[in-house]
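Analysis of the macromolecular model
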Amino acid sequence: MKTRTRFAPSPTGYMHIGNLRTALYEYLIAKASGGDFILRIEDTDQKRYVEGATEIIYNTLKTVGMNWDEGPDIGGNFGPYVQSERKDLYAPYAHKLVELGGAHYCFCGEREEQYDEDGNEIICKFEDPCKKIPLEEAKKRVASGEPYVIRQTINKTGKSKYEDKVYGIIEIDYDELDEGVLLKSDGFPTYNFANVIDDHLMEITHVVRGNEYLPSTPKYNLMYDTFGWQRPVYVHLPTVMKDAQHKLSKRNGDASFQDLVAKGYLPEAIINYIALLGWNPGTEEEIFSIKELEKIFSVDRLNKSPAIFDIVKLTWMNGVYIRSLEATKFHELALPYYKDVPSNVDMQALSSVLQPRIETLAQISEQVDFIISVPNYGAELYINKKMKTDVDVAKGILPEIKSVLQQQKEWTNESLFESLKSLAEKLGVKNGQVLYPARIALSGKETTPGGATEIAVILGKEETLKRIEQAIAKLA
RNA sequence: GGUCCCAUCGUCUAAUGGUUAGGACAUCACCCUUUCACGGUGGUAAUAUGGGUUCGAAUCCCGUUGGGAUCACCA
């Protein structure tokens, strides 16, 4: 049978990293066996609906390359794929479940307190008195227009048992299960019900979701069993944590996918990183494209303990991706970050020095400041023990550098380096005694991306000479 | 609190009864080098704890401790 998995987010306007990882594993489980990946929007809670949220979901999935085979926008044989459009479909199943004895009508409403004959408080979800109302009577009350919900009926004896692909056998006493609401008084299903109906109707073979559903899964199994439907394969995923105590969450202000992208992380790197948060290939390789993951992914290698999201490692991995980019591609991605850079600057050259030095695109801004304008600096910047330079060395060498550069015909890194190196030889000084002062004069910074000659190339001849002259004037 | 789940370097993880407990990030040192990066080499660093079972336990069992999840007309 063809594997079918589904990603079923609710449109809250935010693509959480944990959700993205769940989607990724759902996608990979399907694709690893040539199956289908389905997108379903779960918007039964109208209060939480956020405008534009579905677009964020579409865009995120598209930019990371998780293409869905069926979904609200492209349709499919099992639509509609938005739960609110499926509204009318659930109630008949709920009523049918009542007929089958798996659920009952409850008229308690939202009234606060009820007590039985012994004065004990009645809590419907635990043991609903309404389930004792004869079915015929309950149906009459429903027909007469009395408000009601449909609650799951649970026989509180015995133990439930099921197998999860990552956690193994899970056993829970039926007594622990709540008689929860399946169909709300507004006629909408709750997640607990809609999810079972939809997964069955859409022929989902593998239900993949966060492990917070581990304890409620027996309730879903009861429904599958009562309807006589085959239970899906369960794959419950461990939580993605922010630290040892807290899960990653919107409430804590933790980064979403879009936040990370805005900070200059590449979608490919994000996907690669989160794929490894709770899964490993069994080899020592760790750089994978989503296409490669599709080939090697296997549920067996999913981990069951929670994993802490480590931005430091993601950042390293992002650096790996940035470095492996084609130079032209990198330049294209870097361009938006050059908006304050003067147009006479050689931006291609800038990109080539930046590419091996940054780990996120946002770091470009910090690296590029001195290109825009020379920061204020004191003469003591020329003092460097290792390079054997000080203010006097700089005073002596800068005019020499100026005249060499003025005569320089070919303005490339190699030829500039050659020229300055032979200047050092001619004067009998160390290379650093020429190059270090030159870099300070050109950048006003102790450390820069690239060396003096690379900066000169980026700046161009005119600006380079201008900066050297300014530095000489400053020292005079 | 009841129930369920989890537990290997700081972090992500490998090792499914026999390994000097391996790799990656981070960190430290050194090398390379016109600074900074990149790259290279090496180091520090882990089986939470107490009992079993076994010739042998990170691995299997029980307890303890620690952590997480769940107990809505939210998903």
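You'll find the structure just up there.
This section reports on the structure supplied with the text. (Residues numbered from 1 in each chain as written. Chains lettered and ligands numbered in written order. Predicted model: local features only at pLDDT ≥ 70, side-chain atom pairs only at ≥ 80, totals over all residues. Heavy atoms only, no water.)

Brief notes about the overall build of chain A
Helix and strand counts for chain A come out as 17 helices and 11 strands. The C-alpha radius of gyration computed for chain A amounts to 33 Å, which surpasses the reference 23 Å derived for 476 residues by more than 25%, pointing to a less compact arrangement than a globule. In terms of its C-alpha atoms, chain A occupies a principal-axis envelope of roughly 105 × 45 × 35 Å. Excluding contacts between residues fewer than 6 apart, the proportion of contacts in chain A whose partners are at least 24 apart in sequence is 73%. For chain A, the accessible area works out to roughly 23200 Å², and carbon and sulfur atoms hold 49% of it. Across chain A, 57 positive and 70 negative side-chain charges occur, with their mean positions spaced 4 Å apart. (Helix = DSSP H or I, 4+ residues; strand = E, 2+ residues; numbered from the N terminus. Rg over C-alpha atoms; globule rule 2.2 N^0.38 Å. Contact = heavy atoms within 4.5 Å. Areas by Shrake-Rupley, 256 points an atom, 1.4 Å probe, with all protein chains shown as cover. Lys, Arg positive; Asp, Glu negative; His and termini not counted. Charge placed at Lys NZ, Arg CZ, Asp CG, Glu CD.)

Some words on helix H1 (residues 17–32)
Residues spaced three or four apart along an α-helix point in a common direction, a consequence of the helix completing one turn every 3.6 residues. With 16 residues, H1 should cover 22 Å at 1.5 Å per step; its first-to-last C-alpha distance of 22 Å lies within 8% of that length. H1 sits mainly inside the fold: 13 of its 16 residues count as buried. (Expected span 1.5 Å × (residues − 1). Buried < 20%, exposed > 50% of the residue type's maximum accessible area, 1.4 Å probe, protein only.)

Some remarks on the pairing of strand S4 (residues 149–152)
Residue alternation in S4 divides its side chains into two sets, Val-149 and Arg-151 and Ile-150 and Gln-152, and both sets are buried. Two elements, strand S3 (residues 103–106) and S4, share 4 bridges in a ladder whose sense is antiparallel. Its bridge partner being in S4, Cys-106 is matched across the sheet by Val-149. In the sheet, S4 pairs with strand S7 (residues 181–183) via 2 bridges, with the strands oriented antiparallel. Residue pairing in the sheet places Ile-150 in a bridge with Leu-183 of S7. (Pairing = 2+ DSSP bridges.)

Points about the protein's contact with RNA strand B
By nearness alone, 61 residues border RNA strand B, and Lys-125, Lys-184, Asn-280, Glu-286 and Gly-450 come closest of all. Put simply, 74% of the atoms of RNA strand B that lie within 4 Å of the protein are in sugar or phosphate. Asp-178 is positioned with one of its side-chain polar atoms (N or O) 3.4 Å from a sugar or linking oxygen of RNA strand B. Thr-453 has a polar side-chain atom sitting 3.0 Å from a base oxygen of RNA strand B. (Near = heavy atom within 4 Å. Polar contact = N/O pair within 3.5 Å; in protein donor to acceptor, adjacent residues only side chain to side chain.)

Side note on the packing of helix H13 (residues 363–372) against helix H17 (residues 452–475)
Close contact between H13 and H17 brings their axes to 11 Å; oriented N to C, the two are set at 30°. On the basis of their axis angle, the class for H13 and H17 is roughly parallel. Only Ile-455, Ile-458, Leu-459 and Arg-467 of H17 make contact with H13, whose side of the interface consists of Phe-370, Ile-371 and Ile-372. (Axes fitted to C-alpha atoms, helices over the stretch in contact; angles between N-to-C directions. Parallel < 35°, antiparallel > 145°, perpendicular 65-115°, else oblique.)

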